[in-house]
Amino acid sequence: MQEKKVSISESLQGLLQQMTPQQEGQVVEMFQFYMQQYGDLRVDNNAESVSDAIHKAIDNSIEETINDSADAVSCGKSCSFCCYQQVDITDDEATLIIEYSKEIGLEIPYDSLERQEKEKYIDLPFQDKKCVFLNEKDDCSIYEHRPSACRKLLSVSEPILCDIEKHPNGQIKKLVSIEAEVITSSSLNVRESGSMGK
C-alpha cells in the first residue's frame, strides 16, 4: 500500500524553515496529533460537525495568538482584499458550505467556481478572482461557516496595503498562529481537499 504524501501550507513551510530542529519536532508531533484527532472524529460524525469542530479549534488558536501579540489585527467588516485568492478546502467544508447555502437561500454561482477552477487562477482578471461568497457589500455571506483557510488570514498592516490592485508589489505583515496553520494543514490531509472551485 502506497503511503499518501502529506502536504502543508506555504505559511507553515515558511515557519518550519525558521525553526530549530526541536521546534520542528514539536510541530510534527502537533501535526500528527491533529491528523489522528480529525481522522477519529470523522468516523462517527458528519461533515458539518467535523468542520465545525475544526473551525472552533482554529478560532480558539487565532484568539490566543491575537491576545499574545503586540500587533493589532487591522482586518474589519467589508475588508475583503484577502478574498481574491485561491483557497483550499476539505470535502467536509464543501458539504458544510453547500448545506448552509441551502439553509439561507443562497444560490451558489457554480459557473464562477468552474471558471476559477478551469482557468489558470493567477491569470484571471482581478474581479474574476473574487470569492463567490462575497456579497454586494463585500461581506462574506457564509462568514460563520467560512473555510479554515479564510479563518487564519489576519493582517496587522495598514488595510490599504492589502489592496493588490493599488499596491501590486506591497508587502503586508500577517499575524500567524502556528497551531492554526497545523490544524488547517492536518485537516486538509485527513479529508479529500482541493481548491474551492474543485
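See the structure printed just above.
To start, this report covers the structure provided alongside it. (Residues numbered from 1 in each chain as written. Predicted model: local features only at pLDDT ≥ 70, side-chain atom pairs only at ≥ 80, totals over all residues. Heavy atoms only, no water.)

Side note on the overall build of the protein chain
Secondary structure assignment for the protein chain yields seven helices and two strands. Element order for the protein chain, N to C, with α for helix and β for strand: α-α-α-β-α-α-α-α-β. Radius of gyration (C-alpha) of the protein chain: 17 Å, near the 16 Å computed for a compact globule of 198 residues. Principal axes of the C-alpha set define a box for the protein chain whose edges measure 45 × 40 × 30 Å. For the protein chain, the residues scored as buried account for 35% of the 198 residues in total. Carbon together with sulfur atoms contributes 48% to the accessible area of the protein chain, which is approximately 12300 Å² in total. (Helix = DSSP H or I, 4+ residues; strand = E, 2+ residues; numbered from the N terminus. Rg over C-alpha atoms; globule rule 2.2 N^0.38 Å. Buried < 20%, exposed > 50% of the residue type's maximum accessible area, 1.4 Å probe, protein only. Areas by Shrake-Rupley, 256 points an atom, 1.4 Å probe, with all protein chains shown as cover.)

Quick word on unusual backbone geometry
The backbone of D138 sits at a positive phi, close to 65°, despite the residue not being glycine. Note that D138 resides in the loop between α5 (110–118) and α6 (148–151).

Things to note about the pattern of salt bridges
Summed over all chains, the structure comprises 11 salt bridges. Its salt-bridge partner being R191, residue D92 comes within 3.2 Å of it at the nearest N-O pair. One end of the pair, D92, is in helix α4 (residues 91–104); the other, R191, is in the loop between α7 (178–190) and β2 (193–195), with 99 residues separating them in the sequence. For D92, a relative accessible area of 3% gives the class buried. Taking the relative accessible area as the measure of exposure, R191 reaches 24% and is therefore partly exposed. The residue K102 makes a salt bridge to E99 at a minimum N-O spacing of 3.6 Å. Taken as a pair, K102 and E99 lie in helix α4 at a separation of three residues, close to a single helical turn. Looking at K102, the relative accessible area reads 59%, which means it is exposed. Here the salt bridges share partners, and the residues they tie into one network are R42, D91, D92 and R191. (Salt bridge = Lys/Arg side-chain N within 4 Å of Asp/Glu carboxyl O.)

Description of the packing of helix α2 (residues 21–44) against helix α3 (residues 47–68)
Close contact between α2 and α3 brings their axes to 8 Å; oriented N to C, the two are set at 150°. The angle between α2 and α3 falls in the class roughly antiparallel. Judged by the sense of rotation from one axis to the other, the crossing of α2 with α3 is right-handed. Between α2 and α3, the residues in contact are Y38, L41 and R42 and A47, V50, A53, I54 and A57, respectively. Of the residues that constitute the contact of α2 with α3, the class distribution is seven nonpolar, no polar and one charged. (Axes fitted to C-alpha atoms, helices over the stretch in contact; angles between N-to-C directions. Parallel < 35°, antiparallel > 145°, perpendicular 65-115°, else oblique. Left-handed = near helix turned anticlockwise from the far one by under 90°. Contact = heavy atoms within 4.5 Å. Nonpolar A, V, L, I, M, F, W, Y, C, P; charged D, E, K, R; others polar.)

Structural notes on the side chain of D139
Tracing the backbone through its elements, the reader meets D139 in the loop between α5 and α6. Overall, the relative accessible area of 13% leaves D139 in the buried class. D139 has contacts with K77, S78, F133 and L134, leaving out every residue within four places of it along the chain.

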